[in-house]
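# Observations on the model geometry
For reference, the chains in residue letters:
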Amino acid sequence: MERLRAGQWQVGYENGFLRHLQLGSHEILRMIYFALRDENWTTLDKQIQNEERTIGPDSFRIAYDCVNTKNGMPVFQWHAVLEGRRDGSITFEIAGEALADQLKNRAGFCVLHPPDTTLGQLAEALHTNGDTTRSAFPVNVDPVNPFKDMKGFRWQTLGDWYTLAFEGDVFETEDQRNWTDASFKTFCTPSTLPFPVALKKGDRVHQKVTFTPPAAAAPTVDDEGPIRIIVNKDLVALPEIGVGAATNVQVSPAIGRVIREMGLSHFRIDVRPLGHDWVTAFSEACVAASELQLAPEVVLHLSADYKLELDAFTQLCLQNRLTLKRVLLLGDAAAVTPQAIIDHAASLKTYFPKTHFGAGTNYNFQQLNQGSFDATAVDFVSFAAHPQEHAFDDLTLIENLGAQEDVVFSAQALYPDRAVNISPITLRKQFNPYASDPKNRVMSETDRTDPRQSTPLCAVWTLGSIKHLSEAGASAVTYFQTHGPQGIVSADGTPYPVGDALRKLLALPRNVLSSYSTQPLKADGFVFEGNRIVVWNYTAEEQTVHVNNRTVLLKPYAIHWD
């Protein structure tokens with residue numbers, strides 16, 4: 001990422017967008033970008049052409065053309081101009097034209113605000129009628145959009161007020177932590193308007209965002225200082241860590257041998273009682289759990305015939321004397337578990353007295369946040385998590401780790417007497433509840449698979465995820481699959497870096513000292529009692545990390561075990 005300056009403000013430029021607008025080491029805005037999203041909320045690929053640049057010591061101007069493609073065909077073109085001035089102001093202007101008829105849910109700007117410098121801070125929305133409303137950025141994850149109907153926005157951070165002005169559309173702000181994105185997003189067009197919208201060939205879009213800093217912001221140094229892991233005295237416990245069944249659930253002896261050595265807690269099995277060949281599929285999964293020496297964690301997908309399905313499932317388990325660690329009850333036709341199904345948990349416990357029952361969603365925290373229920377009859381609530389709802393680059397994966405703490409804290413606030421589990425945790429989402437066509441709500445195997453699964457980046461991302469979820473007090477988590485392209489080992493049983501990292505971590509004590517990194521986008525780590533450490537590098541550059549009077553030099557994406 002190239003670093004540019006607008007007066008004393010620094011900003012990164014990467015792939016046509018602005019990232020990490022900073023005053024010294026303090027992040028003021030996370031990102032300014034534009035996107036074209038189709039009727040299924042898929043962000044269309046873009047290609048940048050004809051870039052022109054004028055870069056000075058305290059100003060910049062960049063112009064380029066951009067083409068969005070769908071299925072390999074150009075469907076929209078943009079001309080973009082980005083300017084940073086000596087007074088710290090920044091403008092980003094786009095003019096676009098549809099090249100083909102299409103459906104869109106969004107076409108235009110998004111501005112991301114980092115939670116660390118905004119949570120609880122005062123904010124003012126300048127509405128389209130000229131009125132101003134003052135409120136604050138929410139601390140707990142907000143189930144509804146906190147700022148709406150805006151042509152301008154002011155907010156306070158570091159004791160100063162910053163301003164955004166918008167042209168070309170009406171903007172509002174959503175809490176993207178609902179999707180475990182570590183940001184608030186100010187976007188257009190308002191979510192209250194019907195979508196998708198039909199764009200005709202030749203339709204045009206023109207928008208402009210202007211960022212204005214205070215006239216005399218508090219001075220600060222540019223140097224972020226060394227990376228340090230700051231240790232607190234409190235002990236936090238690692239959650240129970242399990243793995244999901246692979247698409248091909250059967251495990252070879254080689255895979256079984258590697259997985260058994262990892263020290264995992266449980267094995268997630270998805271079951272649809274009374275579905276096609278469900279008894280055979282469930283039996284094969286239970287055999288795999290036994291071979292892996294992992295306790296079954298069953299996710300029951302129930303239909304309107306849930307009473308018959310629960311009875312069939314119960315009878316099969318009793319007949320085979322199955323011991324289940326947990327059962328997550330879900331309703332196939334609902335985003336969150338229907339109350340009628342939840343209320344059956346009490347009777348199920350008479351047959352499974354040692355099993356914990358839960359409710360929630362197979363989707364994002366947003367669905368749990370918007371679909372509250374009475375959890376008296378269950379032991380835990382659950383939702384899924386992944387870091388790529390809105391953007392897909394390596395840095396976004398690392399940025400979004402911090403939001404995993406926030407969603408656990410918010411779930412605990414919603415259900416204070418219930419354990420919080422996250423299942424599954426994956427690099428890419430498994431389902432799309434927002435697809436306009438229901439047949440597109442189940443992602444294909446290709447779309448579920450991220451090529452970074454088998455790389456060291458996945459390993460350090462997973463360690464970071466475990467750390468954030470430990471700090472927040474998550475009870476149990478389920479990562480990835482046993483094997484294959486979405487797994488922790490390859491199809492022939494060779495551990496991926498993430499599998500090797502899990503094996504080494506789970507061989508260590510389950511309690512760690514609470515800690516935080518002074519540069520959490522570059523490196524982080526665990527600190528154990530007795531001065532043992534695990535430290536990792538999130539970046540493609542070497543990093544030096546200081547922890548407990550020790551200095552660790554880390555190669556790109558490396559993990560140091562000491």
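Structure first, text after, so check above.
Right, let's walk through the structure included here. None of these values were measured; they are calculated from a predicted model.

Counting residues in each nonpolar core, the largest one holds 90 residues, and the members touching the most others are F282, L329, I422, I488 and F526. Excluding anything up to four places from it in sequence, F282 contacts I269, V271, V298, F313, L316, C317 and L322.

Moving on, we get to the pattern of salt bridges. For the structure on display, the rule yields 31 salt bridges. For R61, the salt bridge is made with E83, and the minimal N-O distance between the two is 3.9 Å. Placement of R61 in strand β6 (residues 60-70) and of E83 in strand β7 (residues 73-84) is noted, with a sequence separation of 22 residues between them. Judged by its relative accessible area of 25%, E83 falls in the partly exposed class. Between R134 and E124 there is a salt bridge, with its nearest N and O atoms 2.6 Å apart. On the criterion of sequence distance, the pair formed by R134 in strand β12 (residues 132-136) and E124 in strand β11 (residues 122-127) is long-range, its members being 10 residues apart. According to the relative accessible area criterion, E124 is buried, its value standing at 13%.

Moving on, we come to the packing of aromatic side chains. Counting across every chain of the model gives 25 aromatic pairs. Taking the centre distance of 6.0 Å and the plane angle of 80 degrees together, the rings of F34 and F92 count as edge-to-face. One end of the pair, F34, is in strand β4 (residues 26-37); the other, F92, is in strand β8 (residues 90-98), with 58 residues separating them in the sequence. By relative accessible area, which is 3% here, F34 ends up buried. In this structure F92 comes out as buried when scored by relative accessible area, which is 1%. Note on W41 and F195: the rings are 5.2 Å apart at their centroids and 75 degrees apart in plane angle, and the pair reads as edge-to-face. A residue pair is termed long-range when its members are at least 10 positions apart, and W41 in the loop between β4 and β5 (45-55) and F195 in the loop between β16 (184-187) and β17 (197-199) qualify at 154 residues. For W41, a relative accessible area of 17% translates into the label buried. Assessed through its relative accessible area of 41%, F195 is described here as partly exposed. Following the ring pairs from residue to residue traces out a cluster consisting of F17, Y33, F34, F76, W78, F92 and F109.

Our focus in this paragraph is the side chain of H386. Mapped onto the elements, H386 comes out in the loop between β25 (380-385) and α7 (394-399). Owing to a relative accessible area of 5%, H386 belongs among the buried residues under this scheme. Of note is the side chain of H386, whose polar atom sits 3.1 Å from the backbone nitrogen of Q388. Dropping the residues within four chain positions of it, H386 is found in contact with W179, T180, N364, T426, L427, R428 and K429.

Criteria and thresholds
- Residues numbered from 1 in each chain as written.
- Predicted model: local features only at pLDDT ≥ 70, side-chain atom pairs only at ≥ 80, totals over all residues.
- Heavy atoms only, no water.
- Core = buried A, V, L, I, M, F, W, Y, C linked by side-chain atoms within 4.5 Å.
- Buried < 20%, exposed > 50% of the residue type's maximum accessible area, 1.4 Å probe, protein only.
- Contact = heavy atoms within 4.5 Å.
- Salt bridge = Lys/Arg side-chain N within 4 Å of Asp/Glu carboxyl O.
- Helix = DSSP H or I, 4+ residues; strand = E, 2+ residues; numbered from the N terminus.
- Phe/Tyr/Trp six-rings, centres within 6.5 Å; stacked < 30°, edge-to-face > 60°.
- Polar contact = N/O pair within 3.5 Å; in protein donor to acceptor, adjacent residues only side chain to side chain.

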